[in-house]
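# Residue-level structure breakdown
Listed here are the chains, written in short residue letters.
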Amino acid sequence: MTLQAIRYENGTLEVLDQLLLPKESKYIPILGVEDGWKVINKMQVRGAPAIAIVGCLSLAVEISKEEFEKKKALRREVEGKLNYLISARPTAVNMKQAADHLISYINSLDNDESISAQEMQARFVAAIEAMLEKDISDNRSIGEFGAKAILNSVMDGEQVRILTHCNTGSLATAYFGTALGVVRCLHSASRLENCYFTETRPYNQGARLTAYELIHDKIPSTLVCDSTVAYLMKTAQISAVVVGADRVASNGDTANKIGTYQIAVVAKHHEVPFYVAAPLTSIDFSVNTGDNIVIEERPQIEMTHINNLRIASPGVTCWNPAFDVTPARLITGIITEKGVFRPSELSTLQSQMQDRKNSLPQL
Ligand SMILES: CSC[C@@H](O)[C@@H](O)C(=O)COP(=O)(O)O
């Protein structure tokens, strides 16, 4: 069993504090939406799918404790709180997609005159709880599709060397992970020679979190500095790069952890396939290109300090964008739970997204 970043049972929620990892494994109780917003904003929980799940579960915890006489009051509260949760971090789209979907669902429950306020409340909470299971099964599909695509491009029986960035594993999702799920599948198929992964400055999601997961699962792996990527590609015969996504525009441009873009440029130069692994909930069809994706800027203390220890000269000026956008032309394929698509094929996915919307309450 890999790490469980999100623990939810019978209306009780706690999340592993990722700021303390790997030194300490401590769970933070989440008593409602305010706690959910704070842990997301402070990055105690992070990773686009985990942000959405924790945000929505924090709402489930809060409304489970309340009593609603009127359905309209429940609908108003849900809508206001979901919009508040979206504001915790702007780049990852998963929370917004989940909020839009849940708002449509609560509106449909509100309009259904055959159900009471209590039933509406119970059904709504159950829809949120279903997100956890859906994320896990989607991640397994992503892992399998991704492993298959990578293995199709190498010789029969060849062992592969993968490079990944940031943390996209169990800590960033409900369980298993997206890009790291692909790595897990390759390892289970005994086809992974090594997984190289970057430190991912300044927050060090690679050195702290991906390392923690890979060591825990005994997956052969090597940590490299962010600045080692070009030399690694020149010397280590990397079979493919697989990264996650915070928001994919409809043309395939992909916002992901800062540093992703430069890895894609280097991969293109070395003719290494570059894959983005993400659930459909990371695709934002309302945004045409990456130019329209808002990039979160984080406080400079994340660059100047590590564990409260100053590493940069006092008085230095910093620029700390948390994400960058990789242009679609550098992306070989986008690995989703429905299969692997070239960026230009994303429009065919739009109808499947529509089906997803029509099959409420599946998220
Ligand atoms: C499955 S996680 C996908 C992305 O969210 C991940 O690659 C990433 O960029 C995480 O950024 P973070 O700032 O740690 O939330």
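All of these numbers come straight from a predicted model, not from anything done at the bench.

## Observations concerning the pairing of strand S2 (residues 12-16)
By the bridge criterion, four bridges tie strand S1 (residues 6-9) to S2 in an arrangement that is antiparallel. The partner of Tyr8 across the bridge, within S2, is Leu13. In the sheet, S2 pairs with strand S3 (residues 27-30) via four bridges, with the strands oriented antiparallel. Its bridge partner being in S3, Leu16 is matched across the sheet by Tyr27.

## Examining the confidence of the model for the protein chain
Per-residue confidence for the protein chain gives a mean pLDDT of 95, with 96% of residues at or over 70. Interface predicted TM-score (ipTM) for the complex: 0.99; the corresponding pTM is 0.95.

## Concerning the UniProt feature "active site" (unreviewed entry) in the protein chain
This chain's UniProt record puts "active site" (unreviewed entry) on Asp246. Summarising the element assignment, Asp246 is placed in the loop between strand S7 (240-243) and strand S8 (247-249). With relative accessibility at 7%, the residue Asp246 sits in the buried group. Excluding residues that lie within four positions of it along the chain, Asp246 makes contacts with Ala48, Thr91, Ala92, Val93, Asn94, Ala255, Asn256, Lys257, Ser282 and Phe323.

## As for helix H7 (residues 205-216)
With 12 residues, H7 should reach 16 Å at 1.5 Å per residue; the first-to-last C-alpha distance of 15 Å fits that figure. Those residues of H7 not exposed but buried are Gln205, Gly206, Arg208, Leu209, Thr210, Ala211, Glu213 and Leu214. Buried residues along H7 sit in contact with helix H6 (179-188), strand S5 (192-198), strand S6 (221-224) and strand S9 (254-257). Remark: Lys218 follows H7 within two positions and exhibits a positive phi of approximately 55 degrees.

## A closer look at the sheet that holds S8
The strand order S11-S8-S9-S14 describes an open sheet built from four strands, whose pairing is mixed. Of all strands in the sheet, those bounded by a partner on one side alone are strand S11 (283-284) and strand S14 (323-326). Pairing geometry for S8 and S11, over two bridges, is parallel. Across the sheet, residue Ala249 finds its bridge partner in S11, namely Asp284.

## Section: the environment of Val33
You can see Val33 is positioned in helix H1 (residues 33-41). Between the C-alpha atom of Val33 and that of Ser58, which follows or precedes it by 25 residues, the distance is 5.0 Å. In this view, Val33 contacts Ser58, Leu59, Glu62, Lys81, Tyr84 and Leu85; residues no more than four positions away in its chain are not counted.

## Here's the deal with H6
Burial analysis of H6 places eight of its 10 residues in the buried class, the great majority of the element. Residues Ala179, Leu180, Gly181, Val182, Val183, Arg184, Cys185 and Leu186 constitute the buried set of H6.

## A closer look at the pattern of salt bridges
Throughout the structure, instances matching the rule amount to 18 salt bridges. Linking Asp110 and Lys72 is a salt bridge whose minimum nitrogen-to-oxygen distance equals 3.0 Å. On the criterion of sequence distance, the pair formed by Asp110 in helix H4 (residues 94-111) and Lys72 in helix H3 (residues 71-86) is long-range, its members being 38 residues apart. Lys81 is the partner of Glu77 in a salt bridge, and the nearest nitrogen-oxygen pair spans 3.2 Å. Here Glu77 pairs with Lys81, and both are found in helix H3, just four residues apart, close to one helical turn. Salt bridges sharing partners connect three or more residues here, namely Lys72, Arg75, Glu79 and Asp110.

Conventions and cut-offs
- Residues numbered from 1 in each chain as written.
- Predicted model: local features only at pLDDT ≥ 70, side-chain atom pairs only at ≥ 80, totals over all residues.
- Heavy atoms only, no water.
- Pairing = 2+ DSSP bridges.
- Helix = DSSP H or I, 4+ residues; strand = E, 2+ residues; numbered from the N terminus.
- pLDDT = per-residue confidence, 0-100.
- UniProt positions renumbered as here; feature names shortened; annotations may be inferred.
- Buried < 20%, exposed > 50% of the residue type's maximum accessible area, 1.4 Å probe, protein only.
- Contact = heavy atoms within 4.5 Å.
- Expected span 1.5 Å × (residues − 1).
- Salt bridge = Lys/Arg side-chain N within 4 Å of Asp/Glu carboxyl O.

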